[in-house]
Amino acid sequence: MLRIALPNKGRLAEEARILFGDAGLDIRSTGDRALTASLGGEFEGLFVRAQDIPEFVADGAADAGVTGWDRVCESGRDLEMLVDLEFGRCRLVVAARDDSGIVALGDIPGGSRVATVYPRVTASFFRERDIEVDIVPISGAVEVAPHIGIADVIVDLTSTGSTLRVNGLRELDTVLESTARLVVAPGSAAAADPARRRSIDELATALTSVLRARGKRYLMANVPRSALELVKRVIPGLNGPTVIDILNNGEHVAVHAVVPASTIYRTIAELKTLGAEGILVTRIERLAP
Ligand code: AMP
């Protein structure tokens, strides 16, 4: 059995459940507070808090884990990142009150108090820049710290920036950028055992295939044979479009190609101007690297 540590609740839990489900590993609802559950195959999920996952993986309680890169960095543990899972995107930023007169890092007076849930990352950020600060470690609601007088500056996560704005805070700099990642411990039992390492690599490949497929669509269309050269320019596909004969008078052929989802409307419009008919677009479940 391979044990994968997964967030049991919070921002990352639902997206992890969807991604693993799309990759064929079914994370059933953990509303029953089960600590572990079979994910199918040789995988077992260990459902714990996102912030504890780096420790569990580093200590060998789990063979791999899914958590935010911010948590991995803050743990200070030696973990190897296998896949950037692309969800939970956010930034850890330095911010100060709008009315503090601080508009850049250089304005932060020596000895300022910096409240954060990320004391380790924050301390090294300021140390590297030779800015002397006092770290005030807190466990949440960081954005209120400057208003209740326990800190001058904060280091906190933001994705849209709206929480900072609502709290009258100005962003000064980015400490790190984060997304959810699949991580393993380089010196672990799983890393040393070839069969277990292979299973983890297969998991990484399955997740990568699902992520690659998410941004793509499979497009099929009937086009005039005479327009094929122009069609090829519109849908180059992975290795050029697949061209299939249609058993009618031979004037049309069917073309199939993998195309970017983000520009699908333009692709369809361009194909239509080339005389395409019967355009069909479907989602792709996996696109193996
Ligand atoms: P949780 O504590 O379970 O809600 O998970 C928090 C994790 O979600 C963080 O460690 C980040 O990796 C991620 N995250 C993504 N966007 C945000 C955000 N805007 N605020 C806080 N956490 C975020």
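Whatever comes next refers back to the structure up there.
This write-up is about the structure you can find in this document. (Residues numbered from 1 in each chain as written. Predicted model: local features only at pLDDT ≥ 70, side-chain atom pairs only at ≥ 80, totals over all residues. Heavy atoms only, no water.)

## Re the pairing of strand β6 (residues 90–97)
Basically, it comes down to this: With a 1.4 Å probe rolled over the protein chains alone, any residue whose accessible area is under 20% of its type maximum counts as buried; one over 50% counts as exposed, and the rest are partly exposed. Secondary structure elements are defined from DSSP: runs of H or I of at least 4 residues count as helices, runs of E of at least 2 residues count as strands, and each element is numbered from the N terminus. Strands are treated as partners if at least two bridges between them are detected by DSSP.
Counting buried residues along β6, six of its eight residues qualify, which places the element largely inside the surrounding structure. Pairing analysis gives eight bridges linking β6 to strand β10 (residues 169–178), with the strands arranged antiparallel. Note that in β10 the partner of Ala 95 across the bridge is Glu 171.

## Focus on the nonpolar core
Put simply, the rule reads: Nonpolar core, defined: a set of buried Ala, Val, Leu, Ile, Met, Phe, Trp, Tyr and Cys residues in which side-chain atoms within 4.5 Å join the residues together. In this analysis, two residues are considered to be in contact whenever any of their non-hydrogen atoms come within 4.5 Å of each other.
Core analysis: the biggest nonpolar cluster contains 30 residues, and Phe 20, Leu 39 and Leu 85 have the highest contact counts within it. Sorting the residues of this core by element identifies β1 (2–7), α1 (13–22), β3 (43–48), β4 (64–68), β11 (180–184) and α7 (194–214) as the ones contributing at least two each. Top contributing element to this core by residue count: α7, with seven residues. Each residue touching Leu 85, except ones within four places of it in the same chain, is listed here: Leu 19, Val 66, Ala 180, Arg 181, Leu 182, Leu 207 and Leu 211. By size, the runner-up hydrophobic cluster in this structure holds 29 residues, among which are Ala 95, Leu 105, Val 121 and Leu 176.

## Brief notes about the packing of aromatic side chains
Selection criterion: Only rings of Phe, Tyr and Trp enter the pairing, Trp through its six-membered ring, and a pair is recorded when the two centres are within 6.5 Å. The plane angle decides the type: under 30 degrees is stacked, over 60 is edge-to-face, the rest tilted. Charge over a ring is defined by NZ of Lys or CZ of Arg lying within 6 Å of the ring centre and within 35 degrees of the ring normal.
Inspection of the entire model under this criterion finds one aromatic pair. Their ring planes at 90° and their centres at 5.3 Å tell us that Phe 125 and Phe 126 sit as a pair that is edge-to-face. With respect to burial, Phe 125 and Phe 126 carry one shared label: buried. The lysine or arginine in question, Arg 129, covers the ring of Phe 125, its NZ or CZ lying 3.8 Å from the ring centre.

## Regarding α1
Rules: This arc is built from the directions going out from the helix axis to the C-beta atoms.
Here α1 has its buried residues at Ala 13, Ala 16, Leu 19 and Phe 20. Along the axis of α1, the buried positions cluster into a sector of 130°, meaning they face one direction only. In this structure, the buried side of α1 is in contact with β1, β2 (36–40), β4 and α7. Looking one or two residues past α1, Gly 24 carries a phi angle of roughly 95°, positive in sign.

## Here's the deal with the sheet that holds β3
Test applied: The axes used here are C-alpha line fits, helices contributing only the stretch in contact, and every angle between their N-to-C directions lies in the interval 0 to 180 degrees.
What the six strands build is an open sheet, ordered β2-β3-β1-β4-β11-β5; its pairing is mixed. One side of each edge strand has no neighbouring strand; the edge strands of this open sheet are β2 and β5 (80–84). Between one strand axis and the next, the sheet turns by 30° as a mean value, whatever way the strands run. In the sheet, β1 pairs with β3 via six bridges, with the strands oriented parallel. Counted as the bridge partner of Ile 4 is Gly 45 from β3. Across the sheet, α7 lies against β1, β3, β4, β5 and β11, angled at about 30° from β5, the strand it touches most.

Remember that the coordinates give geometry; whether it matters functionally is a separate question.
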